[in-house]
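Chain by chain, the residues run as shown.
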Amino acid sequence: MTDTINGYARRWWKEAVVYQIYPRAFKDSNGDGIGDLKGILEQVPYIKGLGVDVVWLSPHFDSPNADNGYDIRDYRQVMAEFGDMADFDALREALHAAGIKLIIDLVVNHSSDEHAWFVESRSSRDNPYRDYYIWHPGTDGAPPNNFTSIFTGSAWQKDEPTGDYYLHLFAVKQPDLNWDNPKVRAEVHDLMRFWLDRGVDGFRMDVIPFISKRPGLPDLTEAQRAKPQFVYSDGPRVHEYLQEMRREALAPYDTLTVGEAFGVTLDQTPLFVDDRRGELDMIFQFDVVEIDRDAQGKWTPWRLQDFKAIFSRHDAALDAHCWPTVFFSNHDNPRVVSRYGDDRPQWRELSAKLMATLLLTLKGTPFIYQGDELAMTNYPFTDISQFDDLWIKGQWREEVESGRITADAFLANQMKISRDHARTPMQWTPGANGGFTTGKPWLAVNPNTAAINAEHALTQTASVYHYFAEMIALRKTHAALVYGDYRDLLPDHPQVFAFTRTTPDETLLVALNFSDTDVTVDLPHGIRMAGNYADERPALRGWEARVTRL
Ligand code: TEU
Ligand code: CA
């Protein structure tokens, strides 16, 4: 075993496949309608069956759930609905026994307004915790500047008893921590060590580039207001803080770290992940998941040529010191098959397998979101009352209640982009509530659970679930799929994505037809390694995916 392949230093987290669990929507073990840690424990064999190496658990900490756990009240307690610390330890042990590592969500750009630090901080101007958050007096009865919350409205909340405003780049109940205060940073390092000492194997870091604020908090320009994330992610001290975090907290442990890099451009990416800088191992860069968004963040159709160009551009910009992630979904995005594939019955499984093929053959650590291995689809929302996400509710108030757009137009857009598509419960069985709960689920189960569910997928050898397992196994036995050079063979083709992955030992060709019609392209021939059709024909059939060895 050599230490480098194609110039890349070999690391376990580059060769790993990660599976993301959103605990609230995974499996309910006690009938209260909310997924929990015991529910995940029951399903460790299901997770293991895919062959994944790492589980990323979305926040499992004590929280009043304004934003489903992304608002933490106590970083050292387990959310009561999810269980307790003994359940957490049991889950970690079961995963480790199955050879699966566990990373958890580090949400430290902000806390809950119910965190003890904030309760203290808001109580008076001279409280020792005042400086844990970002407080400013208003100007003539207006907020300190024109920052907008990512979740709509002003990013400032006026607070009694002092009458000052606090900054919240997300919800009102998510006050931003003041990272310029060294005590805050020491607290974060401490809570990281707490979980590392409990045996977790790393962190996914929520909106981590937002931790450093621009000095003086200058107003957003008109152009910046539509997508303020590009300003919020670009504070002057973020790299200093990440290097300090590596030294102070992470260095003694063998971890995987991945930062959610909302607002980070490709040009800025090496600053976070170049392995000589001692910051993060990887980031989630948003170019792919923003492909169908316009300048205002609304849904807009996308073109395969533009999609493919992202991967070539990233590959060219990142040298062997940087390692990418590959992800097409998570708890903030619609379902992969509905978005990039075709969720009509005749194409759903084929196109989901095509997207699985792409996910597992591109360069970078692949992240699978729960339910994508079943080709779960978007939910047929028809009314605002069916949603749970506080962001959608904020947008509804801002856009529909104000009369700016119609309810129909609002829902048409949300049908394409809503975060709640990903948050409907896992579909385990064809039965009531998809076997997710024996009670009333906190968010409705997709009615298509009658046809789309794990029970069925496990019994069908040709299911999407088994296809994922097969592709993961293929990735594990071909270093070219991990470290191989990437080359797009048909960058301008409107229907076909075809690329090679090459090491000195071998070249693999991946050919994908992103359409429901046959297409013939001139590609080199080789030995068939995998595919979503049983046989091979000269043409690529609708949504056909093939991997061949040249
Ligand atoms: O997300 C950051 C975030 O801003 C995303 O919701 C982003 O707006 C969206 O993906 C754009 O398409 C993180 C968490 O993943 C999210 O669930 C939280 O709500 C948010 O931070 C606040 O903690
Ligand atoms: Ca429960």
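Residues numbered from 1 in each chain as written. Chains lettered and ligands numbered in written order. Predicted model: local features only at pLDDT ≥ 70, side-chain atom pairs only at ≥ 80, totals over all residues. Heavy atoms only, no water.

1. Brief notes about the packing of helix α6 (residues 182–197) against helix α9 (residues 238–250)
To keep things clear, this is the line we draw: A fitted line through C-alpha atoms serves as each axis, taken over the contacting stretch for helices, and the angle formed by two N-to-C directions is quoted from 0 to 180°. Secondary structure elements follow DSSP: runs of H or I of four or more residues count as helices, runs of E of two or more count as strands, with numbering from the N terminus. Oblique is the label for any angle not covered by the other classes, which are roughly parallel (under 35 degrees), roughly antiparallel (over 145) and roughly perpendicular (65 to 115). Less than a right angle of anticlockwise turn of the near helix away from the far helix marks a crossing as left-handed, whereas a clockwise turn marks it as right-handed. In what follows, a contact means two residues having at least one pair of non-hydrogen atoms within 4.5 Å. In this classification, Asp, Glu, Lys and Arg are treated as charged, Ala, Val, Leu, Ile, Met, Phe, Trp, Tyr, Cys and Pro as nonpolar, and every other residue, Gly included, as polar.
Following both chains from N to C, one finds α6 and α9 inclined at 45°, their axes separated by 9 Å at the closest point. Overall, the two elements α6 and α9 adopt an arrangement that is oblique. Handedness of the α6/α9 crossing: right-handed. In this structure, α6 uses Arg185, Val188, His189, Met192, Arg193 and Leu196 to contact α9, whose residues at the interface are Tyr241, Glu244, Met245, Glu248, Ala249 and Leu250. The residue inventory of the contact of α6 with α9, partitioned by class, reads seven nonpolar, one polar and four charged.

2. A word on the coordination of the calcium ion (ligand 2)
Our working rule: As a rule, N, O and S atoms within 2.8 Å of a metal are its donors, except that Na, K and Ca use 3.2 Å; water is not among the atoms, so sites may look incomplete.
Around the calcium ion (ligand 2), the protein contributes the donor atoms Asp28 (OD), Asn30 (OD1), Asp32 (OD), Ile34 (O) and Asp36 (OD), at 2.3 to 2.4 Å from the metal centre. Here the donor residues for the calcium ion (ligand 2) map to a single chain with the spacing D-x1-N-x1-D-x1-I-x1-D.

3. Some remarks on the site of ligand 1
We apply this condition: In this text, near means that some heavy atom of the residue lies within 4 Å of the molecule or strand in question. Note on areas: these come from Shrake-Rupley sampling with a 1.4 Å probe, and a residue is covered only by the protein chains present in the view. Cavity means a closed set of points on a 1 Å grid over the protein atoms alone, one where a 1.4 Å probe fits but cannot get out, pocket means an open set with protein on both sides within 12 Å along at least 5 of 7 lines, and lining means a residue has an atom within 4 Å of a point. Criterion for pocket placement: a molecule counts as inside a cavity or pocket if more than half of its atoms are within 2 Å of its grid points.
Inspection of the region around ligand 1 gives 19 residues, with Asp67, His110, Asp206, His331 and Asp332 positioned closest. Isolated, ligand 1 exposes 490 Å² of accessible area, and the fraction of that covered by the protein chains is 98%. Judged by the proximity of its atoms to the pocket grid, ligand 1 belongs to the largest pocket. Of the residues assigned to the shell around ligand 1, the class counts are eight nonpolar, three polar and eight charged.

4. What about the environment of Ile417?
Looking at the element boundaries, Ile417 is found in helix α15 (residues 407–417). For the pair Ile417 and Gly542, spaced 125 residues apart in sequence, the C-alpha to C-alpha distance is 25 Å. In this view, Ile417 contacts Arg293, Gly297, Trp299 and Pro334; residues no more than four positions away in its chain are not counted.

5. Details of the packing of aromatic side chains
Formally: Pairing of aromatic side chains requires ring centres within 6.5 Å, counting the rings of Phe and Tyr and the six-membered ring of Trp. Pairs whose planes differ by under 30 degrees are stacked, by over 60 edge-to-face, and all others tilted. The buried label goes to any residue with under 20% of its type's maximum accessible area, the exposed label to any with over 50%, and the partly exposed label to all in between, with areas taken from a 1.4 Å probe on protein chains only.
Per the stated rule, a full pass over the model turns up 46 aromatic pairs. On the basis of an interplanar angle of 90° and a centroid distance of 5.2 Å, the ring pair of Phe26 and Trp428 is categorised as edge-to-face. Here Phe26, found in the loop between β3 (18–21) and α2 (37–42), pairs with Trp428, found in the loop between α15 and α16 (454–459); they are 402 residues apart in sequence, far enough to count as distant. Assigned by exposure class, Phe26 and Trp428 land together as buried. Ring plane angle 40° and centroid distance 5.3 Å describe the contact between Tyr486 and Phe499, whose orientation is recorded as tilted. Residue Tyr486 is located in strand β16 (residues 485–488), and its partner Phe499 is located in strand β17 (residues 496–502); the two are separated by 13 residues in the primary sequence.

6. Quick word on helix α13 (residues 345–359)
For clarity, the threshold we go by: Here the expected span of a helix is defined as 1.5 Å times the quantity of residues minus one.
With 15 residues, α13 extends 22 Å between its outermost C-alpha atoms, agreeing within 8% with the 21 Å of an ideal straight helix rising 1.5 Å per residue. The buried count for α13 comes to twelve of 15 residues, which makes it a mostly enclosed element. Those residues of α13 that fall on the buried side of the exposure criterion are Trp347, Arg348, Leu350, Ser351, Ala352, Lys353, Leu354, Met355, Ala356, Thr357, Leu358 and Leu359.

7. A word on the nonpolar core
As a reminder of what qualifies: Take the buried residues of types Ala, Val, Leu, Ile, Met, Phe, Trp, Tyr and Cys, join any two whose side-chain atoms come within 4.5 Å, and each joined set is a nonpolar core.
With 160 residues, the main nonpolar core has Phe307 and Phe328 as its most contacted residues. For this core, the leading source of residues is α13, giving eight residues. Ignoring any residue separated from it by four or fewer positions in sequence, one finds Phe307 in contact with Val288, Ile291, Trp302, Phe328, Tyr340, Leu358, Phe497 and Phe514.

8. Considering the pairing of strand β11 (residues 202–205)
Where we set the bar: Paired strands, in this sense, are two strands between which DSSP finds at least two bridges.
The side-chain alternation of β11 yields two buried faces, one formed by Gly202 and Arg204 and the other by Phe203 and Met205. Note that β11 and strand β12 (residues 256–260) share four bridges and pair parallel. From the neighbouring strand, Arg204 faces β12, where its bridge partner is Val258.

9. Some thoughts on the confidence of the model for the chain
For residues with low pLDDT, the predicted coordinates do not support detailed interpretation. For the record, the criterion: Each residue carries a pLDDT score, the predictor's own confidence in it, on a scale running from 0 to 100.
In the predicted model, the chain carries a mean pLDDT of 97, and 100% of its residues have values of at least 70. Of all the helices and strands in the chain, helix α7 (residues 222–225) carries the lowest mean pLDDT, 93, while β3 carries the highest, 99.

10. Observations concerning empty space enclosed by the protein
Selection rule: Grid points are joined across faces, edges and corners, and a volume is the space filled by probe spheres set on the points.
Taken as a whole and judged by the stated rule, the model has four cavities of 30 Å³ or more. By volume, the largest cavity is sized at about 360 Å³. Lining the largest cavity are 24 residues, with Phe311, His314, Pro324, Thr325 and Lys363 positioned closest to its centre. Sorting the residues of the lining of the largest cavity by element identifies α10 (269–273), β13 (282–284), α11 (304–317) and β14 (325–326) as the ones contributing at least two each. With four residues, α11 is the largest single contributor of residues to the lining of the largest cavity. Looking at side-chain class alone, the lining of the largest cavity contains 16 nonpolar, four polar and four charged residues. Each pocket or cavity is described by its volume, and for the second largest cavity that value is around 110 Å³. When residues in the lining of the second largest cavity are grouped by element, the largest group, four residues, is from α13. A breakdown of the residues in the lining of the second largest cavity according to their chemical character gives twelve nonpolar, one polar and one charged.

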